[in-house]
Amino acid sequence: MSVMVARKKVVRKWEKLPGRNTFCCDGRIMMARQKGIFYLTLFLILGTCALFFAFECRYLAVQLSPAIPVFAAVLFLFAMATLLRTSFSDPGVIPRALPDEAAFIEMEIEATNGTVPQGQRPPPRIKNFQINNQIVKLKYCYTCKIFRPPRASHCSICDNCVERFDHHCPWVGNCVGKRNYRYFYLFILSLSLLTIYIFTFNIVYVALKSLKIGFLNTLKETPGTYPSTVRRGCSQSLTVLTVLEVLICFFTLWSVVGLTGFHTFLVALNQTTNEDIKGSWTGKNRVQNPYSHGNIVKNCCEVLCGPLPPSVLDRRGILQQEESTAQEESCPRGPSAQEPTTAQGPGGQAEESSAQQKDGSLPHLSAVPVPSLSNAEMPEEKQLTSGELPVPSQDAGQAEH
């Protein structure tokens, strides 16, 4: 008897997705493979805020107002939430064409362009699409085998086509597209406010301390302690950390605030970074942006407050089920599973036939072992000569009826 055991393994779609992305938490988190700069971003934000909360906030909360650390904590939590939301979400990746779909698109292109003579370059694969009385070109992606939707582009780092592609940001470790652009904008906006806030109150802290004990004594004193009762070696080491905190905020201030101002300009025009770099709507032809509403408020509402489309990847969907079988060998089975078990021996066949005759049914021909005898082993009266046909006996005819 043989026993077959089937085991099914569930395969999620994120395990078979092409492209250069990494997934965590069973496909719930999606990021690019290059995450080193993203970890640097986390280190700078967490380190700077930890120094501020540990030193300056304690002194400012006593001298000025306890609302200072509270407001700083709100900005910090909001910036971290938007950063993680931007980094861990699907930016709007467009699935690649299946083999049947790619073959159908190729047939359509060949039917449209016709046969190209040998040695000539084939025409570009472009479709014209009209949006707000403006002709927009849909380009063909040779990697994904699809005609990209309007404003979509192929990211060379993640190797995916992203809908309403803005840019690939290594600081957040992900592409910025249609599904996470608003969170990216809120992240850089809140980070700008947090950087300005920390830098300003660092200056306020140094000014308040300088009025009491002088500027040089302030640099020598332990920052944030009130009153200060620590050793001089510890004081000097913590003073170095405060200076480092001020330098990080100073250099971060210009880049982050400048980036926020640039993206505020793009949001007001309903334009992407990719379109601005390529000069899609500000080139020589002065083509108008078909996606702009001509109103700053409407453009901001569409980009930042519009409905968020769902992900078309369905990362946690079940793709297929792989079956693996395990076979265990035991004693061989009988002719039929429904036949009773009988003792095997010299009279075993007679006992089986008698049991079947009691039921009133004939034995199956496939279940009865038929010994094969050669012509030499047959009796003399049963041997056949060449060209002689066998004559059925009377018993055989009754058995057939």
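What counts and what doesn't
Residues numbered from 1 in each chain as written. Predicted model: local features only at pLDDT ≥ 70, side-chain atom pairs only at ≥ 80, totals over all residues. Heavy atoms only, no water. UniProt positions renumbered as here; feature names shortened; annotations may be inferred. Helix = DSSP H or I, 4+ residues; strand = E, 2+ residues; numbered from the N terminus. Buried < 20%, exposed > 50% of the residue type's maximum accessible area, 1.4 Å probe, protein only. Polar contact = N/O pair within 3.5 Å; in protein donor to acceptor, adjacent residues only side chain to side chain. Pairing = 2+ DSSP bridges. Phe/Tyr/Trp six-rings, centres within 6.5 Å; stacked < 30°, edge-to-face > 60°. Lys NZ or Arg CZ within 6 Å of the ring centre and 35° of its normal. Expected span 1.5 Å × (residues − 1). Arc of directions from axis to C-beta. Salt bridge = Lys/Arg side-chain N within 4 Å of Asp/Glu carboxyl O. Axes fitted to C-alpha atoms, helices over the stretch in contact; angles between N-to-C directions. Parallel < 35°, antiparallel > 145°, perpendicular 65-115°, else oblique. Contact = heavy atoms within 4.5 Å. Nonpolar A, V, L, I, M, F, W, Y, C, P; charged D, E, K, R; others polar.

Looking up the chain in an unreviewed UniProt entry gives the name Palmitoyltransferase, with the organism given as Oceanodroma tethys. According to the UniProt record, the Catalytic activity (unreviewed entry) comment for the chain reads "L-cysteinyl-[protein] + hexadecanoyl-CoA = S-hexadecanoyl-L-cysteinyl-[protein] + CoA". Listed in UniProt under the heading Sequence similarities (unreviewed entry), the comment for the chain reads: "Belongs to the DHHC palmitoyltransferase family. ERF2/ZDHHC9 subfamily."

Asker: Explain the environment of Thr-200 to me, please; I cannot follow it from the model alone.
Answerer: Among the secondary structure elements, Thr-200 is positioned in helix α4 (residues 181–213). Overall, Thr-200 belongs to the partly exposed group, its relative accessible area being 39%. Among the polar contacts listed, one links the side chain of Thr-200 to the backbone oxygen of Ile-196, at a separation of 2.6 Å.

Asker: When you look at the sheet that holds strand β7 (residues 146–147) in this model, what are you seeing that I'm missing?
Answerer: Pairing is antiparallel across the open sheet formed by three strands, whose spatial order is β5-β6-β7. Edge positions in the open sheet fall to β5 (126–131) and β7, since each of these has one partner strand only. Direction of pairing for β5 relative to strand β6 (residues 134–141): antiparallel, over a ladder of six bridges. Directly across from Ile-126, in β6, lies its bridge partner Lys-139.

Asker: I would appreciate a short explanation of the UniProt feature "transmembrane region" (unreviewed entry) in the chain in the present structure.
Answerer: Mapped onto this numbering, the UniProt entry annotates "transmembrane region" (unreviewed entry) at residues 37–55, 67–84, 183–208 and 240–269. Helix makes up 100% of residues 37–55 and strand 0%, and the two end C-alpha atoms of the span are 27 Å apart. From the first C-alpha to the last, residues 67–84 spans 26 Å; its make-up is 100% helix and 0% strand.

Asker: What is the right way to look at the packing of aromatic side chains in this model?
Answerer: To describe a pair of aromatic rings, one takes the distance between the centres and the angle between the planes. With the rule as written, the count across this model stands at 13 aromatic pairs. For the ring pair Tyr-181 and Phe-184, a centre distance of 6.5 Å and an interplane angle of 40° mean the geometry is tilted. A residue pair is termed a helical-turn pair when its members lie 3 or 4 positions apart in one helix, as Tyr-181 and Phe-184 do in helix α4 at three residues. There is no split in this pair, since Tyr-181 and Phe-184 are both buried. With centroids separated by 6.2 Å and ring planes inclined at 40°, the aromatic side chains of Phe-199 and Phe-250 adopt a geometry described as tilted. You can see Phe-199 sitting in helix α4 and its partner Phe-250 sitting in helix α6 (residues 232–269), a full 51 residues away along the chain. Owing to a relative accessible area of 18%, Phe-199 belongs among the buried residues under this scheme. Members of the aromatic cluster, joined through ring pairs, are Phe-199, Phe-250, Phe-251 and Trp-254. Just above the ring of Tyr-291 sits the side chain of Arg-151; from NZ or CZ to the centre is 4.2 Å.

Asker: Quick question: what am I supposed to make of helix α2 (residues 67–87) here?
Answerer: Since one α-helical turn is 3.6 residues long, residues separated by three or four positions face the same way. Between its terminal C-alpha atoms α2 stretches 30 Å, which fits the 30 Å expected from 21 residues at 1.5 Å a residue. The set of residues buried in α2 consists of Ile-68, Ala-72, Leu-75, Phe-76, Ala-79, Met-80, Thr-82, Leu-83, Thr-86 and Ser-87. One face of α2 carries all of its buried residues, which in axial projection span an arc of 170°. Looking at α2, the residues exposed on the side facing more than 90 degrees away from the buried face are Val-70 and Leu-77.

Asker: Would you explain the pattern of salt bridges in this entry?
Answerer: Taken as a whole and assessed by the stated rule, the structure comprises five salt bridges. Notably, a salt bridge pairs Arg-96 with Asp-159, separated by 3.1 Å at the nearest N-O pair. A residue pair is termed long-range when its members are at least 10 positions apart, and Arg-96 in the loop between β4 (93–94) and α3 (99–113) and Asp-159 in the loop between β8 (153–155) and β9 (160–162) qualify at 63 residues. In this structure Asp-159 comes out as buried when scored by relative accessible area, which is 18%. Residue Arg-125 pairs with Glu-106 through a salt bridge whose shortest N-O separation is 3.0 Å.

Asker: Would you explain the packing of helix α1 (residues 36–63) against α2 in this entry?
Answerer: Packed helices, taken two at a time, are described by their axes: the angle between them and the distance between them. At a closest axis distance of 10 Å, the pairing of α1 and α2 adopts a crossing angle of 170°. The orientation of α1 relative to α2 falls into the category roughly antiparallel. Where α1 abuts α2, its residues Phe-38, Thr-41, Leu-42, Ile-45, Leu-46, Cys-49, Phe-52, Phe-53, Cys-57, Leu-60 and Ala-61 lie against Ile-68, Pro-69, Ala-72, Ala-73, Phe-76, Met-80, Leu-83, Leu-84 and Ser-87. Classifying every residue of the contact of α1 with α2 gives 18 nonpolar, two polar and no charged.

Asker: Explain unusual backbone geometry here, please?
Answerer: One non-glycine residue, Asn-133, lies in positive phi territory at about 60°. Relative to the elements of secondary structure, Asn-133 occurs in the loop between β5 and β6. For Asn-133, a relative accessible area of 70% corresponds to the exposed category. Of note, Arg-164 is a non-glycine position whose phi angle comes to about 50°, a positive value.

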